[in-house]
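Breakdown of the fold
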Amino acid sequence: MLTSLLKIHLIDGESMKILVAVKRVIDYNVKVRVKADNTDVDLANVKMAMNPFCEIAVEEAVRLKEKGVATEIVVVSIGPKVAQEQIRTSLALGADRGILVETEEKLESLTVAKILKAIVDKEQPQLVILGKQSIDNDNNQTGQMLGALTGMAQGTFASEVVVEGDKVNVTREIDSGLRTVGLTLPAIVTSDLRLNEPRYASLPNIMKAKRKPLEVVTTSDLGVEVKSTQTLVKVTPPAERSAGIKVASVDELVEKLKNEAKVL
Amino acid sequence: MSILVIAEHDNSAVNAATLNTVAAAKAIGGDVTLLVAGLDCASAAEAAAKVEGVAKVLVADDAAYQYQLAEAMGDLVAELGKDYGHILAPATTTGKDFLPRAAALLDVNMISEIISVVSADTFTRPIYAGNAIATVQTSDSIKVATVRATGFDPVSAEGGSASVETVSAISDKGISAFVGEELAKSDRPELTAASIVISGGRGMQNGENFEMLYKLADKLGAAVGASRAAVDAGFVPNDMQVGQTGKIVAPDLYVAVGISGAIQHLAGMKDSKVIVAINKDEEAPIFQVADYGLVADLFEAIPELESKV
Ligand SMILES: Cc1cc2nc3c(=O)[nH]c(=O)nc-3n(C[C@H](O)[C@H](O)[C@H](O)COP(=O)(O)OP(=O)(O)OC[C@H]3O[C@@H](n4cnc5c(N)ncnc54)[C@H](O)[C@@H]3O)c2cc1C
Ligand SMILES: Nc1ncnc2c1ncn2[C@@H]1O[C@H](COP(=O)(O)O)[C@@H](O)[C@H]1O
């Protein structure tokens, strides 16, 4: 309790708002198939869910609020009407209010970042938490682009976030290990897998979430022009690997690797 | 049009992923300029000038670039990149950190992790954890992309004789600073560069049991990787994770030990030349991609394998 009081004090008694961006994507358990005409993947009747990295982002915001560091959590999603489901899930996990930027279009990362920039301008959060990567397009771009557009510092691929006064220390998962950077607030964080383990929403909280505010806006309300510079020429299945053989013993394995595969 | 490639280096030498990225630039076609941004990085710049196919090296030697922080790198790359047709960086955690930032500053989109060049404006890249390959065409005036190393055979680190030019640093905004680092120490080959990779999963049960894999790896000159489950459980550090959201490897031989074969793991290793799976569950999905499958208890199979190679 004392530490949380201290933290509130350190941010000068000001309220700290966190903005979290969540995306509706294919459920991570689904193995997607390419359409026969090679125009895209087939998402008809496929189970959709919140992007796993976004769940981690929401959880981190909720923990910062529970610690007394944050005072309000606003969740934003850009997508079709049904993306309200992912906002409601975030509200059930502990976010306070939601914004849906409703669009049927498939947006490129720069446009998503521009929309988020418009929301940042309006909401003036001290911290923006995004996932490191959408598991559908595997882009890993939006948080960094938002950093450029807002001029904020960025702590990407975060495995630990510590807010102290007007700074946040972010420990990042990098190819060679872990690196900690110190950022001046307001700042951007993108979550990696080890940042936390998201909780499950309880039934009472799911009920409560239904009454939390959810505002719906359009890109034109925000004054963002949607333009596209990338064309999906085609989508093809990856080179399939066929199952090989089962070997009966370690001896047979060694023999095959030496004489057949010639890799030992 | 010319191509700006951002070199990844440790201030004394350029790393392997840079050579794959230059190869992608060569596939696009055009003069290749390598940018070396660092502190006291003259020897890295010298090494960069020798890389095959590089016409020019730009050196930004300044404290602002000591740790290649995204804020400073983004500003620099956006400023220098204005005059180029393409900007490429390796799809490492460094490249992924600063390149989208530079692209947005230039008001262009970016293409992540290209694995082939179809033409100067069209590239292929995996999406949905590698379950589909997208061919993407861009109309952006400056084409910005990260390059997945496994998609391109590296150019030679020797044989070039590029000119070296110094560029000045851009004033740092001072919004980010390096605080500390905990780097993996290992005498084994680097995961993404090794010709043999042995990875352990949840089946390893704990960190101590990974010793078995290290012993086998040392005998074979192999690197050791892991599944997400093994990293999450704290058996091994995060830099060992192979997969959709970890490292992408494509060695001559990949040995998956006690790994079930989730799509997210396969995304990081299924382009390996030969895959071996050792798993006690004969139904494990990893066997569907393995060239050689051994249904066995790893605690018996690994020591035996180690004694026989
Ligand atoms: C957003 C997201 C991103 C992800 N990114 C990645 C990623 O980059 N990389 C990754 O690996 N995963 C990733 N995952 C996780 C992935 O979905 C799986 O959960 C993970 O790969 C499972 O790891 P595992 O195979 O080690 O564990 P398990 O699936 O638990 O498999 C353990 C295997 O060990 C075998 N085994 C147990 N004991 C023995 C024994 N004594 N001898 C032999 N075999 C034994 C079992 O039969 C089983 O097949 C991601 C998941 C999500 C949601
Ligand atoms: N349509 C969207 N709506 C809300 N957030 C998004 C959207 N697209 C991307 N993001 C955020 O940006 C992160 C990285 O996405 P990406 O750059 O697409 O890999 C995601 O985890 C989200 O936090």
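Computed from a predicted model, the values in this text were never measured in an experiment. Within each chain, residues carry numbers counting from 1 in the order of the written sequence. Each chain takes a letter, starting from A, and each ligand takes a number, starting from 1, following the order in which they are written. The predicted origin of the model limits local features to residues at a pLDDT of at least 70 and limits the giving and counting of side-chain atom pairs to 80 or more, whereas totals for whole chains, interfaces and linings rest on all residues. Values reported for side chains reflect all heavy atoms of the structure, with hydrogen atoms and water molecules removed beforehand.

**Digging into the site of ligand 1**
- When at least one non-hydrogen atom of a residue lies within 4 Å of a molecule or strand, that residue is treated as near it. B:R202, B:S227, B:Q241, B:S260 and B:N279 are the nearest of the 29 residues found near ligand 1.
- Ligand 1 sits at the junction of chains A and B, each of which supplies nearby residues.
- Side-chain atoms alone can form a polar contact between residues adjacent in sequence; in general such a contact is a pair of N or O atoms within 3.5 Å, and within protein one must be able to donate a hydrogen while the other accepts it. In the model, an oxygen atom of ligand 1 is placed 3.3 Å from a nitrogen or oxygen of the B:Q244 main chain.
- At a separation of 2.8 Å, an oxygen atom of ligand 1 approaches a polar side-chain atom of B:H265.
- Relative to its free-state accessible area of 990 Å², ligand 1 is covered by the protein chains to the extent of 86%.
- Every helix listed is a DSSP run of H or I at least four residues long, and every strand listed is a run of E at least two residues long, numbered separately from the N terminus. Of all elements in the fold, only α2 (52-66) of chain A together with α6 (228-232), α7 (263-266) and α8 (298-308) of chain B reach the threshold of two or more residues within the shell around ligand 1.
- Charged means Asp, Glu, Lys or Arg here, nonpolar means Ala, Val, Leu, Ile, Met, Phe, Trp, Tyr, Cys or Pro, and polar covers whatever is left, Gly included. Residues of the shell around ligand 1, tallied by class, amount to 11 nonpolar, 13 polar and five charged. Residue exposure ignores everything except the shown protein chains as possible cover, and the areas themselves are Shrake-Rupley values with a 1.4 Å probe.

**Examining helix α4 (residues 109-123) of chain A**
Residues and elements named next belong to chain A.
- Multiplying 1.5 Å by the residue count of a helix minus one yields the expected span of that helix. For α4, with 15 residues, the first-to-last C-alpha span of 21 Å sits near the 21 Å given by 1.5 Å per residue.
- When a residue's accessible area, from a 1.4 Å probe over protein chains only, is under 20% of the maximum for its type it is buried; when over 50% it is exposed; and in between it is partly exposed. All of the buried residues in α4 are S109, L110, T111, V112, A113, I115, L116, A118, I119, V120 and E123.
- Phi turns positive, to about 50 degrees, at Q124, one or two residues after α4.

**Topic: the packing of aromatic side chains**
- Geometry of aromatic contacts follows a simple scheme: Phe, Tyr and Trp rings, the Trp one being its six-membered ring, pair when their centres are within 6.5 Å, and the pair is stacked under 30 degrees between planes, edge-to-face over 60, tilted otherwise. What the rule picks out here adds up to three aromatic pairs over all chains.
- With centroids separated by 6.3 Å and ring planes inclined at 45 degrees, the aromatic side chains of B:F210 and B:Y214 adopt a geometry described as tilted. Linking B:F210 with B:Y214, this pair stays in helix α5 (residues 210-220), spanning four residues, or about one helical turn. Per residue, the accessibility class of B:F210 equals that of B:Y214, and both read buried.
- Plain terms: the ring middles of B:F210 and B:F235 are 6.5 Å apart, the flat faces sit at 55 degrees to each other, and that makes the pair tilted. Taken together, the residues span a long stretch of sequence, with B:F210 in helix α5 and B:F235 in the loop between α6 and β14 (253-257) at a distance of 25 residues. The pair formed by B:F210 and B:F235 is uniform in burial state, with each residue classed as buried.
- Through a chain of ring-to-ring contacts, the aromatic side chains of B:F210, B:Y214 and B:F235 assemble into a single cluster.
- A ring is scored as having a charge over it whenever the NZ atom of a lysine or the CZ atom of an arginine sits within 6 Å of its centre and within 35 degrees of its normal. Across the ring face of A:F157, the terminal group of A:K132 is positioned such that the distance to the ring centre comes to 5.6 Å.
- Against the face of B:F287 rests A:K246, its NZ or CZ located 4.6 Å from the ring centre.

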